[in-house]
Amino acid sequence: MHPSYQLLYPKRMKLVTREDISNIVIAEGIPLDLSKKPQIKEIMDMQWKLRMCQAQLNGVVLSNDPQFRLSGYSTNDKGLLLQLALSCYREHIGTNNLAINGWPELFNFIKSEGKKEGKENSYRYFGNILGISMVVVTKDNYVIVTDRNNKVGEYPGFFDKPGGHPNPEKHF
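Residues numbered from 1 in each chain as written. Predicted model: local features only at pLDDT ≥ 70, side-chain atom pairs only at ≥ 80, totals over all residues. Heavy atoms only, no water.

Caption draft 1: Spotlight on the sheet that holds strand β5 (residues 79-88). Across the sheet, which stays open at both edges, the three strands sit in the order β3-β5-β4 with mixed pairing between neighbours. A single partner strand is all that each edge strand has here, and the edge strands are β3 (24-28) and β4 (66-76). Taken over all neighbouring pairs, the strand axes of this sheet differ in orientation by 30° on average, direction set aside. Across five bridges, the pairing between β3 and β5 is parallel. Across the sheet, residue I24 finds its bridge partner in β5, namely L80. (Pairing = 2+ DSSP bridges. Helix = DSSP H or I, 4+ residues; strand = E, 2+ residues; numbered from the N terminus. Axes fitted to C-alpha atoms, helices over the stretch in contact; angles between N-to-C directions.)

Caption draft 2: Structural view of a nonpolar patch on the surface. There is a patch of nonpolar side chains on the surface, built from V135, V137, V143, V145 and F159 and spanning about 520 Å² of accessible area. Mapped onto the secondary structure, V137 falls in the loop between β6 (132-133) and β7 (146-147). (Patch = residues over 30% accessible without salt bridge, like charges linked within 9 Å, V, L, I, M, F, W, Y side chains within 5 Å. Areas by Shrake-Rupley, 256 points an atom, 1.4 Å probe, with all protein chains shown as cover. Salt bridge = Lys/Arg side-chain N within 4 Å of Asp/Glu carboxyl O.)

Caption draft 3: Expanded view of the confidence of the model for the chain. Of the residues in the chain, 85% reach a pLDDT of 70 or more, and the chain-wide mean stands at 83. When mean pLDDT is taken per element in the chain, helix α1 (residues 38-58) scores highest with 93 and strand β1 (residues 5-9) scores lowest with 53. Note that residues 9-13 has pLDDT below 50 and, in this model, 13 contacts with residues that lie over four places away or in other chains. (pLDDT = per-residue confidence, 0-100. Contact = heavy atoms within 4.5 Å.)

Caption draft 4: Local environment of the pairing of β5. Judged by how many residues are buried, β5 sits mostly within the fold: seven of 10 residues are covered. Relative to β5, β4 runs antiparallel, the two sharing 10 bridges. Note on β5: the bridge partner recorded for N76 is G79. The hairpin turn running from β4 into β5, its antiparallel successor, is two residues long. (Buried < 20%, exposed > 50% of the residue type's maximum accessible area, 1.4 Å probe, protein only.)

Caption draft 5: Just helix α3 (residues 104-115), in detail. The terminal C-alpha atoms of α3, which comprises 12 residues, lie 16 Å apart, in line with the 16 Å expected from a rise of 1.5 Å per residue. Restricting attention to buried positions, one finds in α3 the residues L106, F107, I110, E113 and G114. Summarising the axial view, the buried residues of α3 lie within an arc of 120°, below the 170-degree limit, and thus occupy one face. Looking at the buried positions of α3, the neighbouring elements they touch are α1 and α2 (89-94). (Expected span 1.5 Å × (residues − 1). Arc of directions from axis to C-beta.)

Caption draft 6: View of the pattern of salt bridges. Under the criterion given, the structure shown has eight salt bridges. Between R51 and E154 there is a salt bridge, with its nearest N and O atoms 3.0 Å apart. A residue pair is termed long-range when its members are at least 10 positions apart, and R51 in helix α1 and E154 in the loop between β7 and β8 (159-160) qualify at 103 residues. Owing to a relative accessible area of 13%, E154 belongs among the buried residues under this scheme.

As C-alpha coordinates, then:
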(Lines give C-alpha, C1' and ligand atoms only; values in the text may rest on other atoms or scores of the structure.)
Protein backbone atom coordinates (compact mmCIF):
# COMPACT_ATOMS: atom_id res chain seq x y z
CA MET A 1 0.00 0.00 0.00
CA HIS A 2 1.27 3.47 -0.91
CA PRO A 3 1.13 6.34 1.59
CA SER A 4 -1.64 8.84 0.97
CA TYR A 5 -1.30 12.59 0.54
CA GLN A 6 -3.39 15.72 0.75
CA LEU A 7 -2.86 18.96 -1.16
CA LEU A 8 -4.35 22.24 0.03
CA TYR A 9 -4.04 24.64 -2.88
CA PRO A 10 -4.89 28.34 -2.44
CA LYS A 11 -6.30 28.89 -5.94
CA ARG A 12 -9.61 27.39 -4.91
CA MET A 13 -8.67 26.53 -1.31
CA LYS A 14 -9.52 22.99 -2.26
CA LEU A 15 -8.28 19.98 -0.33
CA VAL A 16 -7.30 17.20 -2.72
CA THR A 17 -6.88 13.76 -1.16
CA ARG A 18 -5.33 10.78 -2.93
CA GLU A 19 -4.45 7.33 -1.71
CA ASP A 20 -1.57 6.70 -4.12
CA ILE A 21 1.50 8.94 -4.35
CA SER A 22 3.05 6.98 -7.23
CA ASN A 23 1.13 9.00 -9.82
CA ILE A 24 2.36 12.51 -9.04
CA VAL A 25 3.69 14.28 -12.14
CA ILE A 26 5.68 17.53 -12.09
CA ALA A 27 5.35 19.97 -15.00
CA GLU A 28 6.81 23.41 -15.66
CA GLY A 29 4.63 26.10 -14.14
CA ILE A 30 4.28 29.85 -14.50
CA PRO A 31 6.78 32.03 -12.60
CA LEU A 32 5.63 35.09 -10.67
CA ASP A 33 5.70 37.95 -13.18
CA LEU A 34 5.31 41.43 -11.71
CA SER A 35 6.60 43.34 -14.75
CA LYS A 36 3.15 44.86 -15.34
CA LYS A 37 2.36 45.28 -11.63
CA PRO A 38 4.89 47.76 -10.21
CA GLN A 39 2.69 48.44 -7.13
CA ILE A 40 2.87 44.79 -6.12
CA LYS A 41 6.64 44.72 -6.68
CA GLU A 42 6.94 47.83 -4.46
CA ILE A 43 4.90 46.14 -1.73
CA MET A 44 7.04 43.02 -1.96
CA ASP A 45 10.30 44.96 -1.84
CA MET A 46 9.08 47.06 1.11
CA GLN A 47 8.03 43.95 3.05
CA TRP A 48 11.36 42.23 2.40
CA LYS A 49 13.35 45.26 3.60
CA LEU A 50 11.16 45.49 6.71
CA ARG A 51 11.62 41.78 7.48
CA MET A 52 15.39 42.00 6.93
CA CYS A 53 15.59 44.91 9.44
CA GLN A 54 13.47 43.00 11.96
CA ALA A 55 15.64 39.91 11.48
CA GLN A 56 18.84 41.86 12.15
CA LEU A 57 17.37 43.42 15.30
CA ASN A 58 16.23 40.02 16.61
CA GLY A 59 19.28 38.00 15.59
CA VAL A 60 17.23 35.95 13.13
CA VAL A 61 18.67 34.57 9.92
CA LEU A 62 16.65 35.21 6.74
CA SER A 63 17.81 33.77 3.47
CA ASN A 64 16.36 34.47 0.05
CA ASP A 65 16.91 30.91 -1.12
CA PRO A 66 15.29 29.64 -4.30
CA GLN A 67 12.00 27.86 -3.73
CA PHE A 68 9.40 26.14 -5.85
CA ARG A 69 6.25 28.10 -6.68
CA LEU A 70 3.08 26.05 -6.99
CA SER A 71 1.44 27.86 -9.91
CA GLY A 72 -1.26 25.27 -10.54
CA TYR A 73 -2.38 21.71 -10.34
CA SER A 74 -4.86 19.35 -11.95
CA THR A 75 -6.20 15.96 -11.00
CA ASN A 76 -7.83 13.08 -12.78
CA ASP A 77 -8.46 9.41 -12.08
CA LYS A 78 -4.82 8.61 -12.85
CA GLY A 79 -3.15 11.06 -10.47
CA LEU A 80 -1.99 14.56 -9.71
CA LEU A 81 -0.14 17.05 -11.93
CA LEU A 82 1.79 19.76 -10.04
CA GLN A 83 2.84 22.84 -12.02
CA LEU A 84 6.03 24.21 -10.43
CA ALA A 85 8.10 27.28 -11.27
CA LEU A 86 10.97 29.00 -9.50
CA SER A 87 10.35 31.56 -6.79
CA CYS A 88 12.15 32.71 -3.66
CA TYR A 89 11.54 33.41 0.01
CA ARG A 90 11.38 37.18 -0.66
CA GLU A 91 8.37 36.67 -2.96
CA HIS A 92 6.68 34.58 -0.26
CA ILE A 93 7.28 37.16 2.48
CA GLY A 94 6.19 40.04 0.24
CA THR A 95 2.91 38.46 -0.88
CA ASN A 96 1.54 35.39 0.92
CA ASN A 97 2.65 36.45 4.41
CA LEU A 98 1.14 39.94 4.31
CA ALA A 99 -2.11 39.01 6.08
CA ILE A 100 -0.46 37.15 8.98
CA ASN A 101 2.14 39.90 9.39
CA GLY A 102 -0.46 42.61 9.98
CA TRP A 103 -1.01 43.88 6.43
CA PRO A 104 -4.38 42.34 5.37
CA GLU A 105 -5.26 45.37 3.22
CA LEU A 106 -2.13 44.83 1.09
CA PHE A 107 -2.87 41.08 0.86
CA ASN A 108 -6.40 41.87 -0.34
CA PHE A 109 -5.08 44.43 -2.83
CA ILE A 110 -2.77 41.83 -4.42
CA LYS A 111 -5.60 39.31 -4.49
CA SER A 112 -7.92 41.85 -6.15
CA GLU A 113 -5.31 42.52 -8.85
CA GLY A 114 -5.38 38.83 -9.74
CA LYS A 115 -9.19 38.71 -9.69
CA LYS A 116 -9.29 41.50 -12.29
CA GLU A 117 -7.87 38.93 -14.71
CA GLY A 118 -10.52 36.33 -13.88
CA LYS A 119 -11.97 34.61 -10.84
CA GLU A 120 -9.53 31.70 -11.16
CA ASN A 121 -6.53 34.08 -11.00
CA SER A 122 -6.98 35.56 -7.52
CA TYR A 123 -3.64 34.11 -6.33
CA ARG A 124 -1.75 34.83 -9.56
CA TYR A 125 0.46 37.51 -7.97
CA PHE A 126 1.41 35.57 -4.85
CA GLY A 127 4.63 33.65 -4.29
CA ASN A 128 2.73 30.40 -3.45
CA ILE A 129 5.84 28.66 -2.15
CA LEU A 130 5.55 24.88 -2.13
CA GLY A 131 5.79 23.55 1.41
CA ILE A 132 5.98 19.94 2.47
CA SER A 133 4.75 18.75 5.84
CA MET A 134 3.54 15.56 7.43
CA VAL A 135 1.85 14.22 10.49
CA VAL A 136 3.64 11.14 11.77
CA VAL A 137 1.76 8.87 14.17
CA THR A 138 3.87 6.17 15.82
CA LYS A 139 2.68 2.60 16.37
CA ASP A 140 1.97 3.47 19.99
CA ASN A 141 -0.19 6.49 18.94
CA TYR A 142 2.22 9.33 19.63
CA VAL A 143 2.43 12.25 17.20
CA ILE A 144 5.91 13.45 16.33
CA VAL A 145 6.47 17.21 16.57
CA THR A 146 9.57 19.31 16.12
CA ASP A 147 10.78 22.39 17.94
CA ARG A 148 11.56 25.20 15.50
CA ASN A 149 14.91 26.90 15.85
CA ASN A 150 14.89 30.30 17.60
CA LYS A 151 16.81 31.85 14.69
CA VAL A 152 14.32 31.15 11.87
CA GLY A 153 12.17 33.86 10.29
CA GLU A 154 8.80 32.18 10.75
CA TYR A 155 7.47 31.11 14.15
CA PRO A 156 10.82 30.80 15.96
CA GLY A 157 10.71 28.45 18.95
CA PHE A 158 7.24 27.09 18.13
CA PHE A 159 6.34 23.42 17.93
CA ASP A 160 5.64 22.22 14.40
CA LYS A 161 5.09 19.11 12.33
CA PRO A 162 8.08 17.75 10.37
CA GLY A 163 8.45 19.38 6.97
CA GLY A 164 10.10 22.12 5.00
CA HIS A 165 10.62 23.27 1.43
CA PRO A 166 12.30 21.33 -1.37
CA ASN A 167 15.28 23.31 -2.67
CA PRO A 168 15.39 23.52 -6.49
CA GLU A 169 19.21 23.58 -6.44
CA LYS A 170 19.41 20.37 -4.39
CA HIS A 171 16.36 18.36 -5.45
CA PHE A 172 16.15 18.90 -9.21
